[in-house]
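Overview (structure and organization)
Listed here are the chains, written in short residue letters.
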Number of protein chains: 6
Amino acid sequence: MSTPVPPGFARPSGRLPAQLREVRIERGYTRHAEGSVLVSFGETRVLCTASVDAKAPAFLRGKGEGWVTAEYGMLPRATHTRSDREAARGRQGGRTLEIQRLIGRSLRACVDRAALGERTITLDCDVLQADGGTRTAAITGAYVALVDACRWLLARREIARDPIHGAVAAVSVGIWRGVPVLDLDYAEDVDCDTDMNVVMNDGGGFVEVQGTAEGHAFRRDELDALLDLAQQGCARLFALQRAALEGA
Amino acid sequence: MSTPVPPGFARPSGRLPAQLREVRIERGYTRHAEGSVLVSFGETRVLCTASVDAKAPAFLRGKGEGWVTAEYGMLPRATHTRSDREAARGRQGGRTLEIQRLIGRSLRACVDRAALGERTITLDCDVLQADGGTRTAAITGAYVALVDACRWLLARREIARDPIHGAVAAVSVGIWRGVPVLDLDYAEDVDCDTDMNVVMNDGGGFVEVQGTAEGHAFRRDELDALLDLAQQGCARLFALQRAALEGA
Amino acid sequence: MSTPVPPGFARPSGRLPAQLREVRIERGYTRHAEGSVLVSFGETRVLCTASVDAKAPAFLRGKGEGWVTAEYGMLPRATHTRSDREAARGRQGGRTLEIQRLIGRSLRACVDRAALGERTITLDCDVLQADGGTRTAAITGAYVALVDACRWLLARREIARDPIHGAVAAVSVGIWRGVPVLDLDYAEDVDCDTDMNVVMNDGGGFVEVQGTAEGHAFRRDELDALLDLAQQGCARLFALQRAALEGA
Amino acid sequence: MSTPVPPGFARPSGRLPAQLREVRIERGYTRHAEGSVLVSFGETRVLCTASVDAKAPAFLRGKGEGWVTAEYGMLPRATHTRSDREAARGRQGGRTLEIQRLIGRSLRACVDRAALGERTITLDCDVLQADGGTRTAAITGAYVALVDACRWLLARREIARDPIHGAVAAVSVGIWRGVPVLDLDYAEDVDCDTDMNVVMNDGGGFVEVQGTAEGHAFRRDELDALLDLAQQGCARLFALQRAALEGA
Amino acid sequence: MSTPVPPGFARPSGRLPAQLREVRIERGYTRHAEGSVLVSFGETRVLCTASVDAKAPAFLRGKGEGWVTAEYGMLPRATHTRSDREAARGRQGGRTLEIQRLIGRSLRACVDRAALGERTITLDCDVLQADGGTRTAAITGAYVALVDACRWLLARREIARDPIHGAVAAVSVGIWRGVPVLDLDYAEDVDCDTDMNVVMNDGGGFVEVQGTAEGHAFRRDELDALLDLAQQGCARLFALQRAALEGA
Amino acid sequence: MSTPVPPGFARPSGRLPAQLREVRIERGYTRHAEGSVLVSFGETRVLCTASVDAKAPAFLRGKGEGWVTAEYGMLPRATHTRSDREAARGRQGGRTLEIQRLIGRSLRACVDRAALGERTITLDCDVLQADGGTRTAAITGAYVALVDACRWLLARREIARDPIHGAVAAVSVGIWRGVPVLDLDYAEDVDCDTDMNVVMNDGGGFVEVQGTAEGHAFRRDELDALLDLAQQGCARLFALQRAALEGA
């Protein structure tokens, strides 16, 4: 990070601007799913399961291709104050739909759908505890669950070759008190109206870039600095994903 | 248990007829809720959080009384095969509504609502992994979360006296291969169409008795044997709740 | 009933503790349904129709078996004060779903689904006037409508043998002012927080037992007394069902 | 009726072209509602209840006026084949909404809303058995229930003067096999694509005229003949309403 | 019009009682639809598109016949004050459903469904600006869009003969300040509780007659005068439709 | 644009890579709304209305601030093939919710909510015809409607100072056949899975950056080239907005 840090600047967590929270990736967290990962970015904890269904969705029937999709949910008391249960309200909110569409698109970016064959893999990302960055944690963890589900398919010889090409990870970046920072936690998030979620692949390509500046608009140089930070953060996440996947 | 066990009888788990699964009650599982308990009955794991809201529900406004209510959910892949997400389907199913009504009624049975004052405590019971007996695990764990939430209110001096009178716990019983057994797991549940969920208080009273015999109807002596078993199971659960609550 | 009645005890209706209300079962109440019964338990009146559909539900297709299911509704002004129309609110409440699931399970307990073949019989139980005990009246009347629908199938030779084995009836019991009583009416129901709905078959077996004690928990001896009462009440209801079915 | 009847013409019911079915109006059919009428037009039977609510709807608060509104429903097996329960489907169909709007408008036409004061009267019209003409039977019966509810208000001195001015009744007319006929039953209705529902007041005024000719369009002289028939039919219905209301 | 106009009578728009607003019919307003018409009745503007779908609806599959149906919508700010978006509220209101059912029935009255073959034509009528009479403008414009869609099918030789027999148009009439008037605009509509929508075919037949008199009921002579006016109005609309259709 | 265009490269529309479609901004398109703009980006046409409501939303009551929000819709036949009407399906899809949230956030970025006072301005963006880039056209047009609504408030002296600071416009960019291009039309959009919507303010700041690469991931240099293009496009759009707003 080239931006000089102003004297006296300190993140609520004491982290350096370009420092991730502690990230843990725990495979096999639950037992029924073909892939089941509890991912933590600090106090943010998301349970990501991958479920294999032997059918492609209707719009792909007979095309010899599979599909990967995602659903996202937040337990009502994952947050500081309880939020309504979406099942009880009778519909998923706009934020939920937006996030699950993002997760689905991001993970399809690393899947060879012909190699998957006429199957659907659904990634359920349920937030057990939220402290900022739930969507980026979800993508990073769901990738590992997806790999496990594909290994399960390969082990059972249901598919002949691995549909996964490359890895996908995600991290948030933002400008907090004038300084570009990596992986915002909730204390930073509420106090920072310029932030960006970046999804990358391990070939260095950008899969999704979603920057929002409801308050102060990004200058081009700020945008560039944030993209630099995101590249660093994702590089570290790819290493953590690889380490987790070597585990078994 | 007076019923003689037939020779060669063996439960799938190897348990004795009157033996509970290993039950664990882990307080403080997540950090935002006023009470947060992960309860396990063997492989069944339910996260129970208690959220305090400083308002009574509309039908109690101005009456000086509080309310305790519950919501129940199952993560889509808590089960062997993935079930639809209720938030995505746009409504909670009949089973979900029935269970959350049961949990709410059961816990209100140990609460002095005047002592609670005009507050609502919501118990969210979310099943992370299901292996039979999710509703009984939920009641048993939610009780502990509820106590923690009341302690939180007492510690902050928001209420003057403890609204909890007595404890509430629940267990399932059923007739499996002709033998009354305690705390059925999934393997027994699918293969047994006579079962009963029993909620008790620690004064030995029955709070809820819900027996269902879609196949073979209960004889009166079987019903009596099941009630005996449930009493034994609940006695053990009250001891485990007390031990957990002494922890801190 | 062994419980001694305290001096001065009087039920609002003047009935004895173990006395049913006047029960009437009127067959052929409407003309389109294959079975149509107006059942009255005192002032509680429920129209139960049985509709035969020549298809099994999706989950049973091709298995050679049929299905029996129920739906329950309450006219908006069946009650003392008007309640919202569920069709207008856009969903059935939890109480409705719970009751219709109970009715369906209860009646399936007396049906040989293989003998029914790939057909669905839907029992619609619509409460025209409510005075307590609507679900038990519904089960008792729906049984008669179900028998009529099966006779209709037999008469048209659509099925070769009667799918009905045994009878099913239901009654409520509860503890009112300290005394176990049979078949609670609304005046008793609102003033009694310990009650139980019991569904039995005419072989003396218990099909469903649903006891709820939101206030005072049942002691075991009270529970036993209530089960005794329910057995007496159901015995009388089986006789009334038989008499009605001999009519034509 | 001036239209000459062709030789050999016979209505399925044997009625003359200008003949109503047997109409019965039974007051006090259920006990909780302020007005409760079972109306039959031949085999069509509709239960009409009038419920008084001591509040005006939100859009009239503080204006010193009341409101009369209607809801319409059909029991699932009121018809030849079972139709879905609207509460279970989660919404009222277009036909239902159209009919209940018609009933509400029709009855408001005879009500002095200032005399009613800030109250709402809801007319629930539930079809127990359908054989054509359910909406016209509903309007005709709901009028009587509405009068009973107003009498109830007067008797309790909640209102000072009768809000009812004049009577409202309704009947269907249509062209069946080339001949204008009154009060079509189901056998005529399905076989006749030109029909009209006419709501009148007892001063000879037309409150609603809804003619539909999906097949053959009405000629002006046919339209005139149908209006003549409707006037005759309504005159007879007003007499029947008066007779019923004199009963008590 | 035989009714003498009272001295000093003046419509808000300055029109004569039997005078239509300026009516414009603009074909090809948007480019994707098989028929696309912007119809204006004065300041009321409705976009009517006809979309051809190569499938009949489920209830007609295999019968060799087609279907014509309509949907109606109002942009939220088509009106003086913004109304809720029905998509956001989650359901179409009763008025919307009633209008779209009317449009569909009206247009089916001029279609030979066998000549259309197993196809569905959907007429979407979306109100861009409302000033009274949106449903009658919609029917009048949708007819032209429907003709264009049939011409498109004929030009591509998908169908062998024209399914359109005759024309259909619609206009509103009402009694405003005691005088029967044609084609009410919003200023008249809000101030007039006796109005009628009339749909005719160009053979002089009445397809739909929907008169509503929530306030003052129609006398028979008023009803006759209104029908006369509607006939005159529709005659003029048929000429305008023909002129528009000769354009290309 | 520094990227050299490959020989033989031609956009479907014949435009240069950095060339916008013809953009038209027509104010006062409908008459009831406080601001009403028809914006066209080539064949994409969106009607944007701004409606002033004299109340702030519930979450801002009593804070002395206003709110700006947006709703987005697509007429069913705005597209090549008809899509379902969201009002009829009963819910807005994820894409709709995502777009309307984007429009709302984008426009709030140029509004001083304290100057607006406790009011809500709703921007309804309804797509009459779609040919790619509907959300960017909507934002660009809605800005003009919003300015008109604020001028209306100023002219009536409801507010004392202009709440608008700076302008907001939006454009899409993408990589089509290897070349970065500006303002994609439908023909390019379907054939290009790397695109980005960019919202800017006229101070050169980025308000929203939403890039999606479901297929080929962006390289960093491509991302930089797209941002350059977007800056050029928005500069041109700001000039067109200013010209339109000088009109009256």
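The rules we used
- Residues numbered from 1 in each chain as written.
- Chains lettered and ligands numbered in written order.
- Predicted model: local features only at pLDDT ≥ 70, side-chain atom pairs only at ≥ 80, totals over all residues.
- Heavy atoms only, no water.
- Helix = DSSP H or I, 4+ residues; strand = E, 2+ residues; numbered from the N terminus.
- Rg over C-alpha atoms; globule rule 2.2 N^0.38 Å.
- Buried < 20%, exposed > 50% of the residue type's maximum accessible area, 1.4 Å probe, protein only.
- Contact = heavy atoms within 4.5 Å.
- Areas by Shrake-Rupley, 256 points an atom, 1.4 Å probe, with all protein chains shown as cover.
- Lys, Arg positive; Asp, Glu negative; His and termini not counted.
- Charge placed at Lys NZ, Arg CZ, Asp CG, Glu CD.
- Phe/Tyr/Trp six-rings, centres within 6.5 Å; stacked < 30°, edge-to-face > 60°.
- Lys NZ or Arg CZ within 6 Å of the ring centre and 35° of its normal.
- Pairing = 2+ DSSP bridges.
- Axes fitted to C-alpha atoms, helices over the stretch in contact; angles between N-to-C directions.
- Buried area = accessible area lost by both parts, 1.4 Å probe.
- Salt bridge = Lys/Arg side-chain N within 4 Å of Asp/Glu carboxyl O.
- Polar contact = N/O pair within 3.5 Å; in protein donor to acceptor, adjacent residues only side chain to side chain.
- Nonpolar A, V, L, I, M, F, W, Y, C, P; charged D, E, K, R; others polar.
- Least-squares fit on C-alpha atoms with pLDDT ≥ 70 in both.
- UniProt positions renumbered as here; feature names shortened; annotations may be inferred.
- Disulfide = S-S within 2.5 Å.
- Parallel < 35°, antiparallel > 145°, perpendicular 65-115°, else oblique.
- Left-handed = near helix turned anticlockwise from the far one by under 90°.

Right, let's talk about the overall build of chain A for a bit. Helices and strands together make up the secondary structure of chain A, namely six helices and nine strands. Against the globule reference of 18 Å for 248 residues, chain A gives a C-alpha radius of gyration of 18 Å, in line with a compact fold. By the burial criterion, 63% of the 248 residues in chain A qualify as buried. Considering only contacts in chain A between residues 6 or more positions apart, those separated by 24 or more positions represent 70%. Accessible surface, chain A: about 9,100 Å² in total, of which carbon and sulfur atoms supply 47%. Computing the positive centroid from 31 side-chain charges and the negative centroid from 33, chain A places the two 5 Å apart.

This part covers the packing of aromatic side chains. What the rule picks out here adds up to twelve aromatic pairs over all chains. Here Phe59 of chain F and Trp67 of chain F contribute two aromatic rings whose centre-to-centre distance is 5.0 Å and whose plane-to-plane angle is 85°, an arrangement assigned as edge-to-face. Over the ring of Tyr29 of chain B we find Arg45 of chain A, and its NZ or CZ is 5.2 Å from the ring centre.

Residue and element names in this part refer to chain C. The strand order across the open sheet formed by five strands is S1-S2-S3-S5-S4, and the pairing between neighbours is mixed. Both edges of this open sheet fall to strand S1 (23-27) and strand S4 (67-74), since each of them pairs with a single strand only. Across the sheet, the axes of successive neighbouring strands diverge by a mean angle of 20°, strand direction being ignored. Where S1 lies against strand S2 (residues 35-41), five bridges are found, and the strand directions are antiparallel. Looking across to S2, one finds that Arg27 is bridged to Val37. Of the strands in this sheet, S4 and strand S5 (120-129) are in contact with helix H2 (residues 94-108), which crosses S4 at around 145°. Lying over the sheet, helix H6 (residues 220-246) contacts S1 and S2, oriented at roughly 30° with respect to S1.

Attention now goes to the interface of chain D and chain C. Contact residues are listed per partner, giving 37 residues for chain D and 37 residues for chain C. Between chain D and chain C, roughly 2,900 Å² of surface is buried when both sides are summed, and carbon and sulfur atoms account for 47% of that area. The largest share of the area that chain D buries against chain C comes from His32, Arg77 and Arg85 of chain D, three residues that together contribute 26% of it. At the surface where chain D touches chain C, the tally comes to 14 salt bridges. The partner of Arg31 of chain C in a salt bridge is Glu43 of chain D, with the nearest N and O atoms 3.1 Å apart. Our enumeration of links across chain D and chain C arrives at 25 residue pairs in polar contact (both at pLDDT 80 or more). A breakdown of the residues in the side of chain D that touches chain C according to their chemical character gives 14 nonpolar, eleven polar and twelve charged.

Before going further, it helps to spend a moment on the sheet that holds strand S4 (residues 67-74) of chain A. All names here are of chain A. Taken in spatial order, the five strands line up as S1-S2-S3-S5-S4 in an open sheet, and their pairing is mixed. The strands lining the two open edges of the sheet, one partner per strand, are strand S1 (23-27) and S4. Put simply, the sheet's adjacent strands are angled 20° from each other on average, direction ignored. Relative to S4, helix H2 (residues 94-108) is tilted by about 145°, and along the sheet it contacts S4 and strand S5 (120-129). Running over the sheet, helix H4 (residues 134-155) touches S1, strand S2 (35-41), strand S3 (44-53), S4 and S5 and is turned about 35° from S3.

For the rest of this paragraph, the subject is the relation of the copies chain D and chain C. Its rotation angle being 180°, the transformation that places chain D on chain C also includes 0.0 Å of axial translation and leaves an RMSD of 0.0 Å. The transformation relating the two chain copies, once decomposed into turn and shift, fits a two-fold axis. Considering only C-alpha atoms, the part of chain D nearest the rotation axis is Ala87 of chain D, at 1.8 Å.

In the numbering used here, UniProt assigns the feature "domain: Exoribonuclease phosphorolytic" (unreviewed entry) to residues 19-149 and 167-233 of chain A. As a span, residues 19-149 of chain A carries 30% helix and 31% strand, and end to end its C-alpha atoms are 31 Å apart.

A few words on the pattern of salt bridges. What the rule picks out here adds up to 163 salt bridges over all chains. Glu65 of chain C is paired through a salt bridge with Arg113 of chain C; the nearest N and O atoms lie 2.8 Å apart. Linking Glu65 of chain C in the loop between strand S3 (44-53) and S4 with Arg113 of chain C in helix H3 (residues 113-116), this pair joins segments that are 48 residues apart in sequence. Classification of Arg113 of chain C by relative accessible area gives partly exposed; the value is 22%. Between Glu208 of chain F and Arg105 of chain F there is a salt bridge, with the nearest N and O atoms lying 2.7 Å from each other. A residue pair is termed long-range when its members are at least 10 positions apart, and Glu208 of chain F in strand S9 (residues 206-213) and Arg105 of chain F in helix H2 (residues 94-108) qualify at 103 residues.

Further remarks concern the interface of chain F and chain A. Listed by partner, the interface residues are 30 residues for chain F and 30 residues for chain A. When chain F packs against chain A, close to 2,700 Å² is buried across both sides, 46% of that on carbon and sulfur atoms. Our enumeration of links across chain F and chain A arrives at six salt bridges. Ionic pairing is found between Arg220 of chain A and Asp228 of chain F, a salt bridge with its closest N-O pair at 2.9 Å. Remark: the boundary between chain F and chain A carries 16 residue pairs in polar contact (both at pLDDT 80 or more). In terms of residues, the side of chain F that touches chain A owes the most to one element, S9 of chain F, which gives eight residues.

Between chain F and chain A, the superposition needs a rotation of 180° and an axial shift of 0.0 Å, giving an RMSD of 0.0 Å. Same-surface contact between copies: 100% of interface residues of chain F are shared with the interface of chain A.

Right, let's talk about the UniProt feature "binding site: phosphate" (unreviewed entry) in chain A for a bit. Residues and elements named next belong to chain A. Under the UniProt annotation, the feature "binding site: phosphate" (unreviewed entry) is placed at Arg95, Gly133, Thr134 and Arg135. The largest pairwise C-alpha distance within this set of annotated residues, which runs over 41 residues, is 13.4 Å, so the set is compact in three dimensions. The residue Arg95 is located in helix H2 in this model. Residue class for Arg95 comes out partly exposed when judged on its relative accessible area of 32%.

Residues and elements named next belong to chain C. This model, assessed by the stated rule, comprises zero disulfides over all chains. Distance from the sulfur of Cys125, which forms no disulfide, to the nearest cysteine sulfur (Cys48) is 4.2 Å. The buried category is assigned to Cys125, whose relative accessible area is 0%.

Moving on, we come to the packing of helix H6 (residues 220-246) of chain B against H6 of chain C. Between H6 of chain B and H6 of chain C, the least distance of the axes is 12 Å, while the angle of their chain directions is 160°. Here H6 of chain C runs roughly antiparallel to H6 of chain B, going by the angle between their axes. H6 of chain B and H6 of chain C meet at a crossing whose hand is right-handed. Facing Arg220, Leu223, Asp224, Leu227, Asp228 and Gln231 of chain B of H6 of chain B, the residues of H6 of chain C in contact are Arg220, Leu223, Asp224, Leu227, Asp228 and Gln231 of chain C. Taken together, the residues of the contact of H6 of chain B with H6 of chain C sort by class into four nonpolar, two polar and six charged.

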